[in-house]
Amino acid sequence: MLELKYYSVHKIEDLKDFFLVCYVIIDDIYQQIIPDHIKFRRNYTEAKLSDSEIITLAIVGEIHGMPSEKAWFNYVHKNFKDLFPNLGHRTRFNRTRRNLESVINAIRKEICNYIGYNHSDIYIVDSMPIPVCGFGRAHFCKRFKDISSYGYCASKKETYYGLKLHATVTLEGYITDIEITAANVDDRAILWEMFQSLYQPIVLGDKGYIGDELAQNLKNEKGLTLLALKRNNSKNPYPKDLRNWISKHRRRIETTFSQLANQFHINEVLANSLSGLKARLQSKILGHNICCFINKCLGNQATTQIKHLIF
């Protein structure tokens, strides 16, 4: 279990300080939860960077908002030689980061478990498009051809080609779980995989999750209460107060998706392999959650400084 009471962050003046804060959090979790067969794998003593350093570099790069891995690697090599004197070659760094995708995901889950967000009373669920190419090039695109498909984004009122990111978010904006599917997968179908426990949370959704039979089945089999916004011509509308309450709290996930798109560039798929795509998505999600984690556990002053650095 993390002991954050021993951490002290009074002021984050620059990106170097933020590197150090992120590294301490990530390395503490890494040392506690990652099994020895990963920590002490073959040739680990010959590595120029530790796993914690690689993950820190990856998530700070995503938080910094630099979509190009090459540009970020060169920026760190030029400006932070004192922190990373043995940076090594970019291709090896990227290859190791892809292999650490499950470790990044485990760290995200551990932070979620520590804060208590894995047993929240209310979650918000939604999906966002991840195009793998421009619509005009879809017929010729070979990247992720075996898992991509055509889908429709209702918010943008456009058809796109690619994937879909499904996410659950707490009322505080912390992303607790994600799933990646083809663009044509129904949002309602993925709910069965995203909620495994039976502690009876309330799940808020938009009109894409409408279905009285679906809500009843989820209640009986998963123990969760699905409250999806109903259409204006619904035969069984919600009371006005409940409708307004759902709409108000659902804005939290829209804000989170906006941050992922504008700051973390999650809609820009620059990876050429599925493992690379998953590693980048996990890095972006962990980067977002690290900011929430610092906001909750290390104080508002530190968070104010971070926002000044990354926005």
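A brief report on the enclosed structure follows.

Cut-offs applied
Along each chain, residues carry numbers from 1 onward, in the same order as the chain's sequence is written. Where local features are concerned, this predicted model is filtered to residues with pLDDT of at least 70; where side-chain atom pairs are given and counted, the filter is 80 or more; whole-chain, interface and lining totals use all residues. Based on all heavy atoms of the structure, the side-chain values leave hydrogens and waters out of the count. By the criteria applied, helices consist of DSSP H or I runs no shorter than four residues and strands consist of E runs no shorter than two, each listed in order from the N terminus. Working rule for contacts: check all heavy atoms of both residues, and any pair within 4.5 Å makes them a contact. All accessibility values rest on the Shrake-Rupley procedure with a 1.4 Å probe; residue burial counts only the protein chains present in the view. Note that His is not counted, nor are the chain ends; the positive residues are Lys and Arg, and the negative ones are Asp and Glu. Where a charge lies is defined by one atom per residue type, namely NZ (Lys), CZ (Arg), CG (Asp) and CD (Glu). The term salt bridge refers to a pairing of a side-chain nitrogen on Lys or Arg with a carboxyl oxygen on Asp or Glu at a separation within 4 Å. Classification of residues uses two cut-offs on accessible area relative to the type maximum, computed with a 1.4 Å probe and protein chains only: under 20% is buried, over 50% is exposed, and between them is partly exposed. Pairing of aromatic side chains here covers Phe, Tyr and the six-membered ring of Trp, requires ring centres within 6.5 Å, and sorts the geometry by plane angle: under 30 degrees stacked, over 60 edge-to-face, intermediate tilted. Throughout this description, the term charge over a ring refers to an Arg CZ or Lys NZ atom that lies within 6 Å of the ring centre and within 35 degrees of the ring normal. Among buried residues, those of type Ala, Val, Leu, Ile, Met, Phe, Trp, Tyr and Cys that are joined through side-chain atoms within 4.5 Å constitute a nonpolar core. Pairs of N or O atoms are called polar contacts if they sit within 3.5 Å, as long as, within protein, a hydrogen donor faces a hydrogen acceptor (for residues adjacent in sequence, only side-chain-to-side-chain pairs).

1. What about the overall build of the protein?
Next up, step 1: For the protein, the count of helices and strands is 11 helices and six strands.
Next up, step 2: Taking all contacts inside the protein whose residues are at least 6 apart in sequence as the whole, residues at least 24 apart take part in 66%.
Next up, step 3: When the accessible surface of the protein is split by element, carbon and sulfur atoms take 48% of a total near 16,200 Å².
Next up, step 4: Within the protein, the 32 negative side-chain charges are centred at a point lying 6 Å from the centre of the 42 positive side-chain charges.

2. A short note on the pattern of salt bridges
Next up, step 1: Going through the model one piece at a time under the given rule, you end up with 12 salt bridges.
Next up, step 2: The partner of Lys284 in a salt bridge is Glu62, with the nearest N and O atoms 2.8 Å apart. On the criterion of sequence distance, the pair formed by Lys284 in helix H10 (residues 274–297) and Glu62 in helix H3 (residues 51–64) is long-range, its members being 222 residues apart. Across the pair, exposure class does not vary: Lys284 and Glu62 are buried alike.
Next up, step 3: The partner of Asp187 in a salt bridge is Lys164, and the shortest N-O contact between them spans 3.1 Å. Highlighted residues: Asp187 in the loop between strand E4 (175–182) and helix H7 (191–194) and Lys164 in strand E3 (residues 158–170), separated in sequence by 23 residues. Here Asp187 matches Lys164 in class, with each residue buried.

3. Quick word on the packing of aromatic side chains
Next up, step 1: Scanning all chains against the criterion turns up 10 aromatic pairs.
Next up, step 2: Relative to Trp72, the ring of Phe19 has its centre 6.0 Å away and its plane inclined at 25°; by these criteria the two rings are stacked. Of the two residues, Phe19 sits in helix H1 (residues 15–33) while Trp72 sits in helix H4 (residues 69–79), which places them 53 residues apart along the sequence. Considered together, Phe19 and Trp72 belong to a single accessibility category, that of buried residues.
Next up, step 3: Pairing Phe135 with Tyr150 gives two aromatic rings, centres 6.0 Å apart and planes at 70°, and the pair type is edge-to-face. You can see Phe135 sitting in the loop between strand E1 (122–131) and strand E2 (149–153) and its partner Tyr150 sitting in strand E2, a full 15 residues away along the chain.
Next up, step 4: What makes Tyr150 partly exposed here is its relative accessible area of 43%.
Next up, step 5: An aromatic cluster is built from Phe19, Trp72, Tyr75, Phe80 and Phe84, whose rings are joined through pairwise contacts.
Next up, step 6: Over the aromatic face of Tyr238 sits the side chain of Lys230, whose NZ or CZ is 4.6 Å from the ring centroid.

4. Some details on the nonpolar core
Next up, step 1: In this structure, Phe19, Ile55, Phe84, Ile111 and Ile290 are the most contacted members of the largest nonpolar core, which totals 71 residues.
Next up, step 2: Sequence-distant contacts of Phe84, defined by excluding residues within four places in its chain, comprise Phe19, Leu49, Glu53, Leu57 and Val76.
Next up, step 3: In terms of nonpolar packing, the next biggest core, distinct from the first, is built from 13 residues, Val125, Met194, Phe195 and Leu224 among them.

5. Points about the side chain of His265
Next up, step 1: Locating His265 in the fold gives a position in the loop between helix H9 (240–262) and H10.
Next up, step 2: Among the residues examined, His265 registers a relative accessible area of 17% and is labelled buried.
Next up, step 3: A distance of 3.1 Å separates the side chain of His265 from the backbone oxygen of Gly65, its partner in a polar contact.
Next up, step 4: Beyond its immediate stretch of four places on either side in the chain, His265 contacts Gly65, Pro67, Leu260 and Lys284.

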